Amino acid sequence: MKPKIWLSSPHMSGNELPFINEAFETNWVAPLGPNVNGFENDIQSYLNEDRHVAALASGTSALHLSLILLGVGHGDEVICQSKTFSASANPIVYQGATPIFVDSESDTWNMCPIQLEIAIKDRIDRGNTPKAIIAVHLYGMPYKVDEINDIALKYNIPIIEDSAESLGSQYKGKNCGTFGDFSILSFNGNKIITTSGGGAIVTKTLKLKEKAVFLATQARDNAPHYLHSEIGYNYRMSNIVAGIGRGQMTILDSHVAKRRSNHQFYLDSLKNNDRITFLQEPEGYFSNRWLSCILLDSEETREGLRLALEKENIESRPLWKPMHQQPIFKKYPSYLNGVSDELFNKGLCLPSGSNLTDIELERVISAINAYFVTC
Ligand SMILES: *Cc1c(COP(=O)(O)O)cnc(C)c1O
């Protein structure tokens, strides 16, 4: 059996260990410490906007705290992009609120502004103005930021920007992670940089960051004894984990460059195959190409190709199954145009890691070409 080629595996730089060693040497092993502040500062300066960052245990906890900080609770409705990973939607349910799913457009595969406005108007007509909009830059491609912002402003609904897959992406020269009322990042094992597990919330004011940190550290009031007047969470990132993050920040740009070059390689190698299409970067968009995705001419071709790659020990995965099709989320209202269903049927994510070698990339292309000879 040839060695496994992964979809997106962790890629350490060697710059992580000194930060971790320092934490051990100074006994900053307890949750907080200098790596946490250092990592937050690194992200803040990378984002390069007037934003504040709190490092957390995961992207999911960052989404959960965003909803709490926006006051989302029982009986509220929250609009969520249907084509996403389930972690975008789960925290809505944690809060006892109702997710309202909105379909995608085909230029970026993200939230469709037309369906968004239809959904908002309909929810208002039914007597429940949505409390928030969760929009996602899926696979690193920015959503239509201006269009979505305009609608959110028109109806005065805050945006939670899910940038879990898009650190290093830009829209009109500005970094993803700076477009929401709240934004979230993820450093899970498969993301563009990883701390093994982790995330961050990005806020517009220092006060909101401090509130997020307060909630993330068990909501302890200022007193010599343990005193609580709010429900707290254990959502803070640890100082050891943040040390990995500091090391990873030193190579973020080169990871983005490598992922983009993977995508370009697939595009160049497969451009003569008229049964495969790629998502183009619209004018003004810069994608980190976290995952390289292709669309096939049918669901049968896509599944056949996936199995052919699996036989060669190459991991690939269909594009995320939309939330409105998930057994657990089917019962919630959705506003659909068919785009995300078609993407799910025909789309495949190819190996995309920043640690892929030329030989591995060639193996993927050979396997794809071999499949198309037979089918
Ligand atoms: C990974 C991911 C999350 C969740 O982040 P975790 O750090 O794994 O909790 C949320 N949204 C999207 C779109 C993701 O890809």
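Cut-offs used in this document
Residues numbered from 1 in each chain as written. Predicted model: local features only at pLDDT ≥ 70, side-chain atom pairs only at ≥ 80, totals over all residues. Heavy atoms only, no water. UniProt positions renumbered as here; feature names shortened; annotations may be inferred. Contact = heavy atoms within 4.5 Å. Core = buried A, V, L, I, M, F, W, Y, C linked by side-chain atoms within 4.5 Å. Buried < 20%, exposed > 50% of the residue type's maximum accessible area, 1.4 Å probe, protein only. Helix = DSSP H or I, 4+ residues; strand = E, 2+ residues; numbered from the N terminus. Domains from an automatic or database assignment. Pairing = 2+ DSSP bridges. Buried area = accessible area lost by both parts, 1.4 Å probe. Salt bridge = Lys/Arg side-chain N within 4 Å of Asp/Glu carboxyl O. Polar contact = N/O pair within 3.5 Å; in protein donor to acceptor, adjacent residues only side chain to side chain. Nonpolar A, V, L, I, M, F, W, Y, C, P; charged D, E, K, R; others polar.

1. Here we look at the UniProt feature "active site" (unreviewed entry) in the protein chain
Turning to step 1, where the next piece is worked out: Taking the numbering used here, the UniProt-annotated feature "active site" (unreviewed entry) corresponds to Lys 191.
Turning to step 2, where the next piece is worked out: Excluding residues within four positions of it along the chain, Lys 191 makes contact with Ala 164, Glu 165, Ser 186, Arg 259 and Trp 290.

2. Structural notes on the nonpolar core
Turning to step 1, where the next piece is worked out: Ile 79, Leu 116, Ile 133, Tyr 139, Leu 167 and Phe 187 are the most contacted members of the largest nonpolar core, which has 59 residues in total.
Turning to step 2, where the next piece is worked out: Top contributing element to this core by residue count: helix H2 (residues 34-47), with five residues.
Turning to step 3, where the next piece is worked out: Counting contributing residues, this core receives three or more from each of domain 1 (16-249) and domain 2 (252-374).
Turning to step 4, where the next piece is worked out: With residues near it in sequence (within four places) discarded, Ile 133 still touches Ile 79, Met 111, Leu 116, Ile 120, Ala 152, Ile 157, Pro 158, Ile 159 and Ile 160.
Turning to step 5, where the next piece is worked out: Core analysis: the next-biggest nonpolar cluster, separate from the first, contains 30 residues, Ala 54, Ala 89, Ala 164 and Ile 184 among them.

3. Description of the sheet that holds strand E1 (residues 52-56)
Turning to step 1, where the next piece is worked out: A sheet is described by the order of its strands in space; here eight strands give the open sequence E1-E9-E8-E5-E4-E2-E3-E14, paired in mixed fashion. With one partner strand each, in any of the chains shown, E1 and strand E14 (334-335) form the two edges of the open sheet.
Turning to step 2, where the next piece is worked out: Sheet topology note: the strand E2 (residues 77-81)/strand E4 (residues 132-136) ladder contains three bridges and is parallel. Residue pairing across strands places Ile 79 opposite Ile 133, the latter belonging to E4.

4. Quick look at the side chain of Ser 166
Turning to step 1, where the next piece is worked out: When you line up the elements, Ser 166 lands in the loop between strand E5 (159-162) and strand E6 (170-171).
Turning to step 2, where the next piece is worked out: Overall, Ser 166 belongs to the buried group, its relative accessible area being 0%.
Turning to step 3, where the next piece is worked out: Apart from the residues within four sequence positions on either side, Ser 166 is in contact with His 137, Gly 140, Cys 176 and Asn 288.

5. What to know about the domain arrangement of the protein chain
Turning to step 1, where the next piece is worked out: What the domain assignment lists for the protein chain is domain 1 (16-249) and domain 2 (252-374).
Turning to step 2, where the next piece is worked out: If you look at the interface, domain 1 gives 49 residues, while domain 2 gives 38 residues.
Turning to step 3, where the next piece is worked out: Interface area for domain 1 against domain 2, summed over the two sides, is near 3,800 Å², with a carbon-plus-sulfur share of 62%.
Turning to step 4, where the next piece is worked out: Scanning the region where domain 1 abuts domain 2 turns up zero salt bridges.
Turning to step 5, where the next piece is worked out: Here domain 1 and domain 2 share 25 residue pairs in polar contact (both at pLDDT 80 or more) between them.
Turning to step 6, where the next piece is worked out: Elements with a contribution of two residues or more to the side of domain 1 that touches domain 2: helix H4 (90-94), strand E3 (98-102), helix H5 (113-125), E6 and helix H8 (239-249).
Turning to step 7, where the next piece is worked out: Taken together, the residues of the side of domain 1 that touches domain 2 break down into 22 nonpolar, 16 polar and 11 charged.

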